Amino acid sequence: MAAAGHVRGLLRVSRGWRCGPRRARSAAACPPAGQIRQAFLRFFQEQHGHRLVPSVPVRPRGDPGLLFVNAGMNQFKPIFLGTAHPRSELAQYQRVVNSQKCVRAGGKHNDLDDVGRDVYHHTFFEMLGNWSFGDYFKEEACGMAWELLTQIYEIPKDHLYITYFGGDASLGLSPDEECRDIWLSLGVPPSHVLPFPLRENFWEMGETGPCGPCTEIHYDHVGGGRHAAALVNQDSPDVVEIWNLVFMQYSREADGSLRPLPQHHVDTGMGLERLVTVLQSKRSNYDTDLFTPILDAIHKGCGGPGYQGLVGEADVRSVNMAYRVVADHVRTLSMCIADGVYPGMSGAELVLRRILRRAVRFCSEVLHAPPGFLASLVPAVVEVLGRRLNLLLFFLQIMNVINDNEAAFLSSLLRGRRIIDRTLQQMAPSKLFPAEVAWSLYGNLGFPLDLIGLMIEEKGIQLDWAALDQLAQEDRKARTQQAEQLEGSSVRLDVHSLAQLQRDGVPATDDSPKYTYTLGQDGRYAFSPCQATVLMLYKDQSLQKEVGAGQRCGVLLDRTSFYAEQGGQAHDRGYLVRLGQQDVLFPVESVQLSGGYVIHEVTAPETLQAGDRVQLFVDEAQRLACMVNHTATHLLSFALHRVLGDQTEQRGSHVTAEQLRFDFSTQAPVTTQQLQEVEGVIQEVVDQNEIVYMAEVPLALASGIQGLRTMDEVYPDPVRVVSVGVPVESALMPNSQAAMQTSVELCCGTHLLQTGAVQDLTITSERQLVKGISRIIALTGEQAKQAREVGQSLAKEVDSLSARVKQGSSSLSEVQSLSKEVGYLTEVSAVSTAMPQWQRRELQAILKALQRTANTAIRKLEISQAAEKAQGLLEKHTKQPVIIDTIPADSLSILMKVVNQLCDKSPGASVLLLSPQVSGEVLCACQVSKNALPMFSAADWALAVCTHMGGNAGGSGIVAKGTGNTKDLQGALTAALEFARSRL
């Protein structure tokens, strides 16, 4: 009871704190959102023994099929699937409570288009939740929820309605009468306990996987003794769902059937925003203290009418909708950018770009706010959420990213409008705008489809919505296939098989032999042999004792020296052989880790049985190459911190035998000099041949290492610490600065024992994925040396070319040849992946300057030649109003310059010149006197002559050019003269 009183005390400063419908209070008497959140967390912590788990970032952890963390359960997915490592902190959870940052925009859960139209949808929100993993179930979950709502928060019971799963005959599922009876036993009137079908009250994680019936708690804002059961689940703004309790007791199989889960779990979720709305006696989430400071900042910044909470037709010019859109979106942008998701061109980054651009549009078009206004709202967001969600650290970065992307969007709008205008001019007679063009504008420039519709509607044209829907479906299908490919087709243990292994007492795989290797005096690595026993075989989502020849299966061994794919490092390759049968190889195609069990994927050449003894042979060359690249990745991370500063954070990595990839956050683009410095720092450590120390350490102890670089990952306990040049024991000492001066990371990967084997590291690519996030591709060893040789060879060619360009030439053909050579080397430097990136940039800068020099020389020589030819024509056609003739010219550019000079030296004259080429092509260029406009057009003149020659032309009213192909030059000249006479 003391604990309960303490929790109530968080909310009630005085006896009558509550602001429910029965006792509306002043704003000062309403509990602030922070107290409401804290009361939820402490209720489950202090009264019901739950462990408080912090929110994870909104960027999903190891889930390629998910754009954003969109529910509190995302971080616990490995528990539901049974794949959590038995030594990880996740595997120890039984009762958990937290408040999770969530974004629902894009993907399956997408609230983006609804935001602003009503008063309760959001793209960013906080999900309050409590979980049970194989501990309590329905009775305790319902009881705790009812106690919290009615006793701690003191919500009137007659305002609450309960829904439960009403069954589904097609699936053979009976109504969840157990759940119904629990609510009735808690005193909920039968008229407030309502059954609903599968669509409303059966929750599923995805197409397959854990699922189960749920019970929802709905709140009637009106109350007053009325009966509102008919409004439940009817999208009524008066009766809204506030809490969903999911009882995970089934698994949806690939064939659509349901199997009981080996362990029952509870997953609950309650939106903080809706709960605060109830407890602060508001009818809209936007009227709570989670939004009012932001709405006030919008009003103060742009002036005009204030926020009134209007919706639908009452919201004239959509001003109130704009307030809601901007307030919601700036919260989402702030949270995502702080968590390392920046507006970009694909995936979550693309969705965030659309959110930003939607907000900018409402700022400028509806609120008439100046550029930069959206970023000016960030301080208000920090005021509301900063202390709780750690936004203060990223305050300036958030504003800079928003401002930069707003400027880019305004530039894109200009480009998009030009493309739309050009498309309308080129369209054949039609009332439908080409769907492909609209979709390209939407996908590539982020141009909103509704804005395209408004722009073309003014000209009597409509968007082809049917074709756009088809393109959208194809895009979704392609993204789904891409996500499936990312997840891979490897054999992975399902939740039922994992549970069976645990029930049968099958121990987790001993994979410590993967770390058993030594470095000899000769510099060669020796990998210890490993023998193992086949414990079980896995095929067609079931555990089996035997598989036949030609069958693909997963092999579970009692121990293994194979590295399973994890931590960004590719899995080992190799093969197995039966002891005593060395001539039959079982090639290992992939190695995966699930719930502590290592699965070796093989296609059996012969029958394989549980109990067989096997010898394991790891592909040592591939493993060693991965070790080199993984240790090099750690050195790269250290060097980036050393050169770019401590604000540099790793965002991801992938290590294979061929190369390493490293993603990191940076506040500014990496310069050419910085790339060289990074390589220099790495080379210094490599040359010193530092010892790489590795040790398993309790997670809590390892987390205290100063300067430790970690990723947002779930680490096992104990965890493996990898330290370059400094013994792990030294790094663990209190107040030790050792880790500040070298690379110290938590890592389960396989590493070199000394850094010398890296030999060399060359960064062959560095580019920004999105603003603030860069990706490096690097090579090591002999591949790095070869890349340097490629760079040096290209540098010699550029040096030679540079000398010849600077020497100059009076021959136009020679200079044109040099220009082509510059273009060729420029292309080579761009497409050649195997060369140092810093050198590529230096050479490209040199080539760009050479191209300018060559172009200038060509232009001067062409002008000189044109002047000579023009002078000859002037002497031939003295004071003629129309000059038509043929001259030799090497290019259309020279011919056009001759025309220009003739017109300059003979004011009022209109000129058309033809130039036959060796190939049979005839060049045409013309210029018309301004005095002859508009009756006489250069574009029409050139088109008439080139059409006569079987070609085409284009240009403006004053100048035009084109080509044709004819042997009858005199006929073309006659046609030119006749056209001119007809217009003059």
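Residues numbered from 1 in each chain as written. Predicted model: local features only at pLDDT ≥ 70, side-chain atom pairs only at ≥ 80, totals over all residues. Heavy atoms only, no water.

Novice: Explain the side chain of Asn-285 residue by residue, including any values.
Specialist: Along the chain, Asn-285 turns up in the loop between α7 (272-279) and α8 (292-302). One polar contact links the side chain of Asn-285 to the main-chain carbonyl oxygen of Tyr-120, over a distance of 3.4 Å. Non-local contacts of Asn-285, meaning those with residues more than four positions away in its chain, are made with Val-119, Tyr-120, His-122, Glu-273, Arg-274, Thr-277 and Phe-291. (Helix = DSSP H or I, 4+ residues; strand = E, 2+ residues; numbered from the N terminus. Polar contact = N/O pair within 3.5 Å; in protein donor to acceptor, adjacent residues only side chain to side chain. Contact = heavy atoms within 4.5 Å.)

Novice: Describe the sheet that holds strand β24 (residues 660-665), and please don't skip the residues or the numbers.
Specialist: As summarised here, the arrangement of the 4 strands in space is β23-β24-β29-β28, forming an open sheet in which the pairing is antiparallel. The sheet is open, and its two borders are formed by β23 (649-655) and β28 (761-770), each paired with just one other strand. The mean angle between the axes of side-by-side strands here comes to 20°, regardless of whether they run parallel or antiparallel. For β28 and strand β29 (residues 773-780), the ladder comprises 8 bridges, and the chain directions are antiparallel. Looking at β29, one finds that Thr-762 is bridged to Leu-779. The sheet strands contacting helix α17 (residues 620-644) are β23, β24, β28 and β29, and the helix crosses β24 at an angle near 25°. (Pairing = 2+ DSSP bridges. Axes fitted to C-alpha atoms, helices over the stretch in contact; angles between N-to-C directions.)

Novice: Before we move on, could you go through the pattern of salt bridges and cite the residues and values that matter?
Specialist: Counted according to the given criterion, the structure contains 32 salt bridges. Two residues, Glu-606 and Arg-578, come together in a salt bridge whose shortest N-O distance is 3.6 Å. Highlighted residues: Glu-606 in the loop between β20 (597-603) and β21 (608-609) and Arg-578 in strand β18 (residues 574-578), separated in sequence by 28 residues. Accessibility expressed as a relative area gives 13% for Arg-578, which makes it buried. Measuring nitrogen to oxygen at the nearest pair gives 3.1 Å for the salt bridge that ties Asp-612 to Arg-578. Taken together, the residues span a long stretch of sequence, with Asp-612 in the loop between β21 and β22 (613-618) and Arg-578 in strand β18 at a distance of 34 residues. According to the relative accessible area criterion, Asp-612 is buried, its value standing at 14%. (Salt bridge = Lys/Arg side-chain N within 4 Å of Asp/Glu carboxyl O. Buried < 20%, exposed > 50% of the residue type's maximum accessible area, 1.4 Å probe, protein only.)

Novice: For the packing of helix α10 (residues 347-366) against helix α13 (residues 435-444), give the residues involved together with the corresponding values.
Specialist: Where α10 contacts α13, the two axes come as close as 10 Å, and the packing angle between them is 95°. With respect to their mutual orientation, α10 and α13 come out roughly perpendicular. Here Leu-350, Arg-353 and Arg-354 of α10 come into contact with α13, specifically with Tyr-442, Gly-443 and Asn-444. For the contact of α10 with α13, the residue count by class is 2 nonpolar, 2 polar and 2 charged. (Parallel < 35°, antiparallel > 145°, perpendicular 65-115°, else oblique. Nonpolar A, V, L, I, M, F, W, Y, C, P; charged D, E, K, R; others polar.)

Novice: Residue-level account of the UniProt feature "binding site: Zn(2+)" (unreviewed entry) in the protein chain, with values.
Specialist: Mapped onto this structure's residue numbering, the UniProt feature "binding site: Zn(2+)" (unreviewed entry) falls at His-630, His-634, Cys-747 and His-751. Their sequence span is 122 residues, while the largest C-alpha to C-alpha distance among them is just 9.9 Å; these annotated residues converge on one region. Its location among the elements puts His-630 in helix α17. Setting aside anything within four residues of it in sequence, one finds His-630 in contact with Gly-567, Gln-569, Val-655, Cys-747, Gly-749, Thr-750 and His-751. In this structure, His-751 sits in the loop between β27 (744-746) and β28. On the basis of relative accessibility, which here comes to 0%, the residue His-751 falls in the buried class. (UniProt positions renumbered as here; feature names shortened; annotations may be inferred.)

Novice: Please give an account of the domain arrangement of the protein chain that cites residues and values.
Specialist: Split by domain assignment, the protein chain resolves into domain 1 (33-287), domain 2 (290-425), domain 3 (427-472), domain 4 (506-618), domain 5 (624-784) and domain 6 (877-982). The centre of domain 1, based on its C-alpha atoms, is set 41 Å off from the matching centre of domain 5. Contact with domain 1, which involves 7 residues of that partner, is made by 8 residues of domain 5. Taken over both partners, the interface formed by domain 1 and domain 5 buries close to 730 Å², and the fraction arising from carbon and sulfur atoms is 51%. Joining domain 1 to domain 5, the criterion identifies 1 salt bridge. Residues Glu-696 and Arg-87 are paired through a salt bridge, measuring 3.9 Å at the closest nitrogen-oxygen approach. Joining domain 1 to domain 5, the criterion identifies 2 residue pairs in polar contact (both at pLDDT 80 or more). Split into classes, the residues belonging to the side of domain 1 that touches domain 5 amount to 2 nonpolar, 2 polar and 3 charged. (Domains from an automatic or database assignment. Buried area = accessible area lost by both parts, 1.4 Å probe.)

Novice: If you had to explain the sheet that holds strand β25 (residues 692-697) to someone new, which residues and values would you point to?
Specialist: Each strand in a sheet pairs with its neighbour through backbone hydrogen bonds, running either in the same direction (parallel) or in the opposite one (antiparallel). A sheet is described by the order of its strands in space; here 3 strands give the open sequence β25-β26-β27, paired in antiparallel fashion. Both edges of this open sheet fall to β25 and β27, since each of them pairs with a single strand only. Each adjacent strand pair in this sheet contributes to an overall mean axis angle of 20°, direction not counted. Here 3 bridges tie strand β26 (residues 719-724) to β27, and the two strands are oriented antiparallel to one another. Looking at the pairing, Val-722 lines up with Glu-745 of β27.

Novice: Lay out unusual backbone geometry in plain terms, naming residues and giving numbers.
Specialist: Omega for the bond connecting Asp-717 with Pro-718 falls within 30 degrees of zero, at 5°, which places this linkage in the cis form. Within the fold, Pro-718 resides in the loop between α19 (699-702) and β26. Residues Leu-933 and Pro-934 are joined by a peptide bond in cis, for which omega reads 0°. Take Pro-934: it is sitting in the loop between β32 (921-927) and α25 (938-948). We note that Asp-540 has phi near 55°; this positive angle belongs to a residue other than glycine. In this structure, Gln-541 takes a positive phi of about 60° despite not being glycine. If you trace the backbone, Gln-541 turns up in the loop between β14 (530-539) and β15 (542-544).

Novice: Could you give an account of the environment of Leu-644, with specific residues and numbers?
Specialist: On the secondary structure map, Leu-644 appears in helix α17. Classification of Leu-644 by relative accessible area gives buried; the value is 13%. Along the chain, Leu-644 and Leu-350 lie 294 residues apart, while their C-alpha atoms are 27 Å from each other. Filtering out sequence-adjacent residues up to four positions away, Leu-644 remains in contact with Phe-664, Thr-666, Val-670 and Gln-674.

Novice: For the pairing of β29, give the residues involved together with the corresponding values.
Specialist: Burial analysis of β29 places 8 of its 8 residues in the buried class, the great majority of the element. Every second residue of β29 is oriented toward a common face, with Ile-773, Arg-775, Ile-777 and Leu-779 on one face and Ser-774, Ile-776, Ala-778 and Thr-780 on the other, all of them buried. Here β24 runs beside β29; their pairing, made up of 6 bridges, is antiparallel. The partner of Phe-662 across the bridge, within β29, is Ile-776. Hairpin remark: β28 followed by β29, antiparallel, with 2 residues in the connecting loop; positive phi at Gly-772, about 95°.

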